[in-house]
Number of protein chains: 4
Amino acid sequence: MKTLLAVIMLSACCGTTLAAEHPRARALGIPFDGTPGPLNAITDVAPVAVGYTTLIEGAGAHAVRTGVTVILPRGRATLDKPVFAGMFSLNGNGEMTGTHWIEESGFLEGPVTLTGTHSVGTVRDAVIAWRIKQGKPDASGYWWSLPVVAETWDGELSDANGFHVKAEHVFAALEGSRGGAIAEGNVGGGTAMMCHGFKCGTGTSSRVVEIAGQSYTLGVLVQANYGARSELRIAGVPVGKLMPMKRPEPGDQGSIIIVVATDAPLLPHQLDRIAKRAGMGLARMGSYAGNGSGDIFVAFSTANAEAAKGAALNDARFVGNDHLDDLFNATVQATEEAIVNAMIAARDMRGEDGHYANAIPHAALVELLKQYGRYKR
Amino acid sequence: MKTLLAVIMLSACCGTTLAAEHPRARALGIPFDGTPGPLNAITDVAPVAVGYTTLIEGAGAHAVRTGVTVILPRGRATLDKPVFAGMFSLNGNGEMTGTHWIEESGFLEGPVTLTGTHSVGTVRDAVIAWRIKQGKPDASGYWWSLPVVAETWDGELSDANGFHVKAEHVFAALEGSRGGAIAEGNVGGGTAMMCHGFKCGTGTSSRVVEIAGQSYTLGVLVQANYGARSELRIAGVPVGKLMPMKRPEPGDQGSIIIVVATDAPLLPHQLDRIAKRAGMGLARMGSYAGNGSGDIFVAFSTANAEAAKGAALNDARFVGNDHLDDLFNATVQATEEAIVNAMIAARDMRGEDGHYANAIPHAALVELLKQYGRYKR
Amino acid sequence: MKTLLAVIMLSACCGTTLAAEHPRARALGIPFDGTPGPLNAITDVAPVAVGYTTLIEGAGAHAVRTGVTVILPRGRATLDKPVFAGMFSLNGNGEMTGTHWIEESGFLEGPVTLTGTHSVGTVRDAVIAWRIKQGKPDASGYWWSLPVVAETWDGELSDANGFHVKAEHVFAALEGSRGGAIAEGNVGGGTAMMCHGFKCGTGTSSRVVEIAGQSYTLGVLVQANYGARSELRIAGVPVGKLMPMKRPEPGDQGSIIIVVATDAPLLPHQLDRIAKRAGMGLARMGSYAGNGSGDIFVAFSTANAEAAKGAALNDARFVGNDHLDDLFNATVQATEEAIVNAMIAARDMRGEDGHYANAIPHAALVELLKQYGRYKR
Amino acid sequence: MKTLLAVIMLSACCGTTLAAEHPRARALGIPFDGTPGPLNAITDVAPVAVGYTTLIEGAGAHAVRTGVTVILPRGRATLDKPVFAGMFSLNGNGEMTGTHWIEESGFLEGPVTLTGTHSVGTVRDAVIAWRIKQGKPDASGYWWSLPVVAETWDGELSDANGFHVKAEHVFAALEGSRGGAIAEGNVGGGTAMMCHGFKCGTGTSSRVVEIAGQSYTLGVLVQANYGARSELRIAGVPVGKLMPMKRPEPGDQGSIIIVVATDAPLLPHQLDRIAKRAGMGLARMGSYAGNGSGDIFVAFSTANAEAAKGAALNDARFVGNDHLDDLFNATVQATEEAIVNAMIAARDMRGEDGHYANAIPHAALVELLKQYGRYKR
């Protein structure tokens, strides 16, 4: 029980100190295109807030390595003001609840929550319960009753069948959510995740683009748990083939959830388009969206805060289709970097039944980049 | 050749006189829900313009019974100002070109054109050619190069394999397009169509709804060529079973294209929703969307005329989701009435190889409605 | 606690006796097209099993009127053998989890479970937990980890925010599931539901069709909670207008989940088509799929039991597209009848805070059918 | 007229000699993953046949640089035996007719035809006309009446508004279609196309994979006309940034049509999945699927030749979902190589109004690959 409390405290996750402590891809000399925002994180898109609860308890038979990540598009104002949203399922071997309503209404109402596969239900109902605690639902009784909860499988390193995520962990992540620099790697819903046979987890990145003299930010957060080793490319270098696995390679299993936020004003059908481009960033890493991989993406815009208050008539601003390319490109770029950030921030983990995953060795990776002319000092 | 010219003259289709001459369902005493606009036609939605070319030539072996219908969302201003649009394929055994771009961009750029199955290509390229004649394409060279052309099969009564529709017929329909009352039944692309084993064709209807004190109009135009006799219901009366076919019944073959226009300001994803409701009006007629039926629907909004001019930033007004129900209901109602109007306006036709189709007998239909308590004097 | 146990006992739901006791639409003289199976129920499709847990406890402030319905496509063999499946969202203001994987894989793996909106999460994780109790997941660890759980809102008559459905209620419904005649009306997930302003709930129906000399059965189960009073049609009679609500009418809110089962061999993309037709049956009842209505449908085929065992090569049989029409029509017919059955079987209910809903008055309904020539003795 | 005949003769396109003459990416030392088939072409998938008509006439104001490419899934047997098929629109700023029926039926009936944007209509109706010449349509009259015709824009180098493609050019390509090695670069529908600011056009590639001891082939043919220079990557090397354009860069405009063929037995919904992976190969080239790019993909399987003959019951074999990964990966790999092959085979072209495009300089490219450790001798 003491352990549990300690763990919940981790949900005060996002301190600048903590965030500053973990290594990032760019700092290692990995080259990326485009211009990141000041934090190079989804939280560069104001007023997006992120919260984590990380559960790391025990060892051996029932070791717990799991957690919850929450993304509140408008921080606390998320309670009252939906965002325009879209989504795309590149390979639907996964769960993202609440998407029927996103596709139908064009709105995301409430937070996006990420966790392990077997905790989606608990997290979903907890999001509703938390909402109820914050005040009354709207007249229809439906408001925020269709929460968006997505998952990737953490049963390799964690006791998934133990159902260790509880409602209070969700509440803690929601209560602790805030803007600013955020932790990456073995945190939140991404605690036990693996990419291309390396330890992986949560990663983030952002891009700033200028459209007709106006500056916009687009940020990405991934919960990354996908990929075959042999296919891994970083900055175009075939890293996976150069760092082969010693044990037999399991193929492109696992899953990746990608959340894209932007303050550029976009309509729902345009956000579907943005969500599709997340898969193109994933492709550059070497994914072929294996059958076992749940690759599901959601995108939202924090603009048009007054557009969805249930009025009979609403006004919305939007970027013209002919001016979207930089946002498309930014999505591809930030997705790629967010995944690499997840890999670089992750640390070796030993979990359930002694299963373990090593993080990608930074020095060896830098060596390869230099060898292939892709090191950027 | 003389015949041909004579036929093209028919494309001056839409005179009030002509339109006033054909019978309509409501006037016969068939009850419908909702309040129609002044013309009870898609042209109640200003500035929608409609044009027809009707080709009726010869008899016997190569009899021609075909044509072209054009719907210009903004009349001549369609050339410069796209409309927000959406679509839905209830059963895709048919063609509607240009829909990849509607779904992607949220815009319909140019007219919607309806014809017989084997003329879609000719009509498509003719729409481009006409556009080129009106002025230069935009800088990208792509403007209006992805025309929306839909079809239903007219090979039962017309020599479809003779490819009788030519570019000039398309030009004539475009040039002759205008607002006001429009012809129904055996006209335009609907010339040779059949519904539920009766002669059918082109039909239209509209509804006026009030949302938060504001009045909006929604109009429907159908090119109807679908349906099994035994399933036909009119105003809930099982008319098809009460007027069985004498020859063996072919099942729910054929197709129906439904075009929905509204001046209510709706976003593209909301217009997808409108398009879905067209299928619910079809269902009330007794359709089960048979495998052989191409049931494809497009919906557009004439509001937000300045929203799509290619600017970097645009403003759009839209009805809130919670206020859409009357528009949904209007779509169902107007679709149902437009189909019945097509049946009631149609006249007996003898076509290729002596094939024939009789229009539904009006007096007998009225008798049935009376018998089932559904006659509205 | 005693109450709770008593309630769970209700999950032994499906006795012929109990089922025989509730009235059905056909027996009242309501005419329907097509030929039903022996039970006129989804369980005519062998080996489909259905289970319910019905929770009716207390009165007033926190009255509980809720439950769980489970549909196991292959009964207990569902554990090992997925079914080909498809789905369709007519209006996505609702939840059906697990559909990303249905759409991707073409398979439904495990049961379909129906409950109230705020219990989807609990039910989802409970389905996983139950599966774990039955034996080991497959090698990938993913088997049956993406349960299909759908909902309609029962917060009008039940204390939805009390989260009264617990894992043991799900287990009880699963354990109690079986074939044979099944209860309708105020049972299972449908306990507190309302249609067109009348008490409603769970309903079922089936059709037998013959394709090329072979007999197939298609069954439907609905959890029905949708519809405006004024739009209600039964057998084409405008019943809703003839039985107007005394209190102000709330519009087409609520939701309806429709589950279609068939033993006809169909491929996944064909089952998407079947699912679409469910919406056409709904349309005939007077629904326009209001914005507030979550109208989401799933269809599966119990044929091809050996097709999905994870082999590298599999054989599947399927009905040719040109022979699907009777199955399409059966879907429309059985959906319509299942909804009417839900209304006819439902009984008056008083629930949370004294909210109440009356069942449709049978005698008055029969009178109307007679008046409109639609009574079938 | 003499010119025209000469041009048509080019449709005898596919001689081994001709094909052997054009350079290919692999021979230059560009490294690709996976094992190609003997021809490294879509025609490695028996019995796929390909035909081209290439139109190169005149210079200056109305220079013609266009053509038609046809892909017959079963060669001449395509007339009688559809193939299972799927499709995906990554960015729908383009046309591919006939896809409503592919998505609905799961079948591709007839050839896939590729041309320039303004010739889609002519080509579509010509495919129908050719089919009529080959024999009677089936009983329904619908067979092969919904042809699949896709386009990319060739108005930069060719007089698109001159509508130079005629029915006889389509007939010639169909008549000339055959298996064996096929031409690449400036041929067929790809004659005038450009990629990443370099001359491009038609390209092809294939992969052989083994699934449970069985060998399958997957082939890709692209008509490539997309991409920003600065984003071009070849084998992971940022070639575009290293070979910047001298004139202002137009962004990721244009389009790419990707056709995937395989002899692996796959069901329609699995072929949708294959089509999606084509976009991941495109992503590796540096595309972000710009707004102006019509990126539409179709995939078909030549297996199950007897499955679609209209019988009431059919048998189909299919690869289990858990065994699809190598086919997914092959799609990504072959798409990437087909695009590079199109670029490498293309030759400098001067077209309408003196517009010109240079092919990528082979020697300089090889130099870059060497410099970045990606040259494979």
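To keep things clear, this report deals only with the structure shown in the data block.

**As for the overall build of chain A**
For chain A, the count of helices and strands is ten helices and 15 strands. Taking 2.2 N^0.38 as the reference for a compact globule, 377 residues should give roughly 21 Å; the C-alpha atoms of chain A span a radius of gyration of 19 Å, in line with that estimate. Principal-axis analysis of the C-alpha atoms places the extent of chain A at approximately 60 × 50 × 40 Å. Out of the 377 residues belonging to chain A, those deemed buried represent 72%. A separation threshold of at least 6 residues defines the contact pool for chain A, and within that pool the share at least 24 residues apart is 80%. If you sum the accessible surface of chain A, you get close to 10,800 Å²; carbon and sulfur atoms cover 54% of it.

**Digging into helix 8 (residues 268-284) of chain A**
All names here are of chain A. With 17 residues, helix 8 extends 26 Å from end C-alpha to end C-alpha; this agrees with the ideal 24 Å at 1.5 Å per step. With 16 of 17 residues buried, helix 8 is to be regarded as a mostly interior element. Among the residues trailing helix 8, Gly 286 stands out with phi positive, at a value near 110°.

**Description of the relation of the copies chain C and chain D**
Mapping chain C onto chain D calls for a screw motion: a turn of 180° about the axis and a shift of 0.0 Å along it, with 0.0 Å RMSD after fitting. Such a combination of rotation and displacement between the chain copies is what one expects of a two-fold axis. The position closest to the rotation axis in chain C is occupied by the C-alpha of C:Ala316, lying 2.6 Å away. A shared interface surface links the copies, since 100% of the contact residues of chain C are contact residues in chain D too.

**Some thoughts on the pairing of strand 12 (residues 294-301) of chain C**
All names here are of chain C. In terms of burial, strand 12 is largely enclosed, as eight of its eight residues are buried. The alternating pattern of strand 12 places Gly 294, Ile 296, Val 298 and Phe 300 and Asp 295, Phe 297, Ala 299 and Ser 301 on opposite faces, both of which are buried. Of the pairings in the sheet, the one linking strand 3 (residues 83-92) to strand 12 comprises eight bridges and is antiparallel in character. Looking across to strand 12, one finds that Phe 88 is bridged to Phe 297. Note that strand 11 (residues 254-262) and strand 12 share eight bridges and pair parallel. Bridging across to strand 12, Ala 261 finds its partner in Phe 300. Handedness of the β-α-β unit built from strand 11, helix 8 (residues 268-284) and strand 12 comes out right-handed.

**Quick word on the sheet that holds strand 9 (residues 202-211) of chain D**
All names here are of chain D. An order of 4-3-12-11-10-9 is seen for the six strands of this open sheet, with the pairing classed as mixed. Looking at the sheet topology across the chains shown, the edges are occupied by strand 4 (107-108) and strand 9. Examined bridge by bridge, strand 3 (residues 83-92) and strand 4 share two bridges and lie antiparallel to one another. Within strand 4, the residue paired with Phe 84 across the bridge is Phe 107.

**Details of the relation of the copies chain C and chain A**
The two copies are related by a screw motion: chain C maps onto chain A through a turn of 180° and a shift of 0.0 Å along the axis, at an RMSD of 0.0 Å. A symmetric contact is evident, with 100% of the interface residues of chain C recurring at the interface of chain A.

**Focus: the packing of helix 8 of chain A against helix 8 (residues 268-284) of chain D**
Relative to each other, helix 8 of chain A and helix 8 of chain D sit at 65°, their axes nearing to 8 Å. As summarised for this structure, helix 8 of chain A and helix 8 of chain D are arranged roughly perpendicular, according to the angle between their axes. Relative to helix 8 of chain D, the crossing made by helix 8 of chain A is right-handed. Between helix 8 of chain A, through A:Gly279, A:Met280, A:Ala283 and A:Arg284, and helix 8 of chain D, the contact on the second element is made entirely by D:Gly279, D:Met280, D:Ala283 and D:Arg284. Looking at the contact of helix 8 of chain A with helix 8 of chain D, its residues break down into four nonpolar, two polar and two charged.

**Thoughts on the side chain of A:Thr217**
Residues and elements named next belong to chain A. Summarising the element assignment, Thr 217 is placed in strand 10 (residues 214-226). Residue Thr 217 is classed as buried on the basis of its relative accessible area, which comes to 11%. What Thr 217 contacts, discounting residues up to four positions off in sequence, is Asp 44, Val 45, Ser 206, Arg 207, Val 208, Ala 261, Thr 262, Asp 263 and Ala 264.

**Concerning the environment of D:Glu306**
Residue and element names in this part refer to chain D. Checked against the element boundaries, Glu 306 lands in the loop between strand 12 (294-301) and strand 13 (313-319). For Glu 306, a relative accessible area of 47% gives the class partly exposed. Taking C-alpha positions, Glu 306 is 8.9 Å from Pro 82, a pair spaced 224 residues apart along the chain. Beyond its immediate chain neighbours, meaning those up to four positions away, Glu 306 contacts Lys 81 and Asn 314. Reaching out from Glu 306, the side chain makes a polar contact with the side chain of Lys 81 at a distance of 2.7 Å.

**Side note on the state of the cysteines**
Residue and element names in this part refer to chain A. What the rule picks out here adds up to four disulfides over all chains. One disulfide bridge connects Cys 195 with Cys 200, the sulfur atoms lying 2.2 Å from each other. Of note, the bridge from Cys 195 to Cys 200 carries an S-S torsion of about -70° and is left-handed in sense. Cys 200 matches Cys 195 in its accessibility class, with the two residues each being buried.

**A word on the interface of chain C and chain A**
Facing 41 residues of chain C, the contacting portion of chain A comprises 42 residues. Summing both partners gives a buried area of about 3,200 Å² for chain C against chain A, and 55% of it is carried by carbon and sulfur. Applying the counting rule to chain C against chain A returns zero salt bridges. Viewed at the interface, chain A and chain C are joined by 18 residue pairs in polar contact (both at pLDDT 80 or more). The element contributing the most residues to the side of chain C that touches chain A is helix 5 (residues 120-134) of chain C, with eight residues.

**Quick look at the packing of helix 8 of chain D against helix 9 (residues 325-345) of chain D**
Residues and elements named next belong to chain D. With their axes 7 Å apart at the nearest point, helix 8 and helix 9 run at an angle of 45° to one another. Accordingly, the angle class assigned to the pair helix 8 and helix 9 is oblique. Every pair of crossing elements has a handedness; the one defined by helix 8 and helix 9 is right-handed. Contacts between helix 8 and helix 9 involve Arg 273, Ile 274, Arg 277, Ala 278, Met 280, Gly 281, Leu 282 and Arg 284 on the former and, on the latter, Leu 327, Phe 328, Thr 331, Val 332, Thr 335, Glu 336 and Ile 339.

**Topic: the packing of aromatic side chains**
Residue and element names in this part refer to chain B. For the structure on display, the rule yields 14 aromatic pairs over all chains. Seen from their ring centres, Phe 84 and Phe 107 are 4.8 Å apart, and the 15° between their planes marks the pair as stacked. Here Phe 84 is found in strand 3 (residues 83-92), whereas its partner Phe 107 is found in strand 4 (residues 107-108), with 23 residues between them in sequence. Of the two residues, Phe 84 and Phe 107, neither departs from the other in class, the shared state being buried.

**With respect to the sheet that holds strand 10 (residues 214-226) of chain B**
Where strands meet in a sheet, backbone hydrogen bonds hold them as pairs that are either parallel or antiparallel. All names here are of chain B. Here six strands make up an open sheet; going across it, the order is 4-3-12-11-10-9 and the pairing mixed. In this open sheet, the two edge strands, each paired with only one partner strand, are strand 4 and strand 9 (201-211). The pairing of strand 9 with strand 10 spans eleven bridges and is classified as antiparallel. Within strand 10, the position partnered with Gly 201 by the bridge is Ala 224. Here helix 8 (residues 268-284) sits on the sheet and contacts strand 3, strand 10, strand 11 (254-262) and strand 12 (294-301); the angle it forms with strand 3, its principal contact strand, is near 40°.

**What about the pairing of strand 5 (residues 112-116) of chain A?**
Residues and elements named next belong to chain A. Extensive coverage of strand 5 is indicated by the burial of five of its five residues. Summarising the sheet, strand 2 (residues 64-76) and strand 5 pair through three bridges and their orientation is antiparallel. The residue bridging Thr 69 from the neighbouring strand is Leu 114, located in strand 5. In terms of strand pairing, strand 5 meets strand 6 (residues 148-152) through five bridges, oriented parallel. When the bridges of strand 6 are listed, Thr 115 appears paired with Glu 151.

**Comments concerning unusual backbone geometry**
A cis amide bond links A:Ala46 to the next residue, A:Pro47, at an omega of 0°. Counting through the fold element by element, A:Pro47 comes out in the loop between helix 3 (25-28) and strand 1 (49-57). A positive phi angle is found at A:His196, which is not glycine, with a value near 55°. Its location among the elements puts A:His196 in the loop between strand 7 (194-195) and strand 8 (198-199). With a relative accessible area of 0%, A:His196 lands in the buried category. Not every positive phi belongs to a glycine, and C:Asp353 is a case in point at roughly 55°. Position of C:Asp353 among the secondary structure elements: in the loop between strand 14 (349-350) and strand 15 (356-357).

**Some details on the interface of chain C and chain D**
Every contact between the two is made by 31 residues of chain C and, on the other side, 31 residues of chain D. Together chain C and chain D conceal approximately 2,400 Å² of surface at their shared face, both sides included; 51% is due to carbon and sulfur atoms. Applying the counting rule to chain C against chain D returns four salt bridges. Note that D:Arg273 and C:Glu104 form a salt bridge whose closest N and O atoms lie 2.7 Å from each other.

Quick notes on the rules
Residues numbered from 1 in each chain as written. Chains lettered and ligands numbered in written order. Predicted model: local features only at pLDDT ≥ 70, side-chain atom pairs only at ≥ 80, totals over all residues. Heavy atoms only, no water. Helix = DSSP H or I, 4+ residues; strand = E, 2+ residues; numbered from the N terminus. Rg over C-alpha atoms; globule rule 2.2 N^0.38 Å. Buried < 20%, exposed > 50% of the residue type's maximum accessible area, 1.4 Å probe, protein only. Contact = heavy atoms within 4.5 Å. Areas by Shrake-Rupley, 256 points an atom, 1.4 Å probe, with all protein chains shown as cover. Expected span 1.5 Å × (residues − 1). Least-squares fit on C-alpha atoms with pLDDT ≥ 70 in both. Pairing = 2+ DSSP bridges. Right-handed = clockwise from strand over helix to strand, strands pointing away. Axes fitted to C-alpha atoms, helices over the stretch in contact; angles between N-to-C directions. Parallel < 35°, antiparallel > 145°, perpendicular 65-115°, else oblique. Left-handed = near helix turned anticlockwise from the far one by under 90°. Nonpolar A, V, L, I, M, F, W, Y, C, P; charged D, E, K, R; others polar. Polar contact = N/O pair within 3.5 Å; in protein donor to acceptor, adjacent residues only side chain to side chain. Disulfide = S-S within 2.5 Å. Buried area = accessible area lost by both parts, 1.4 Å probe. Salt bridge = Lys/Arg side-chain N within 4 Å of Asp/Glu carboxyl O. Phe/Tyr/Trp six-rings, centres within 6.5 Å; stacked < 30°, edge-to-face > 60°.

Everything listed here is a matter of geometry and, on its own, says nothing about what the molecule does.
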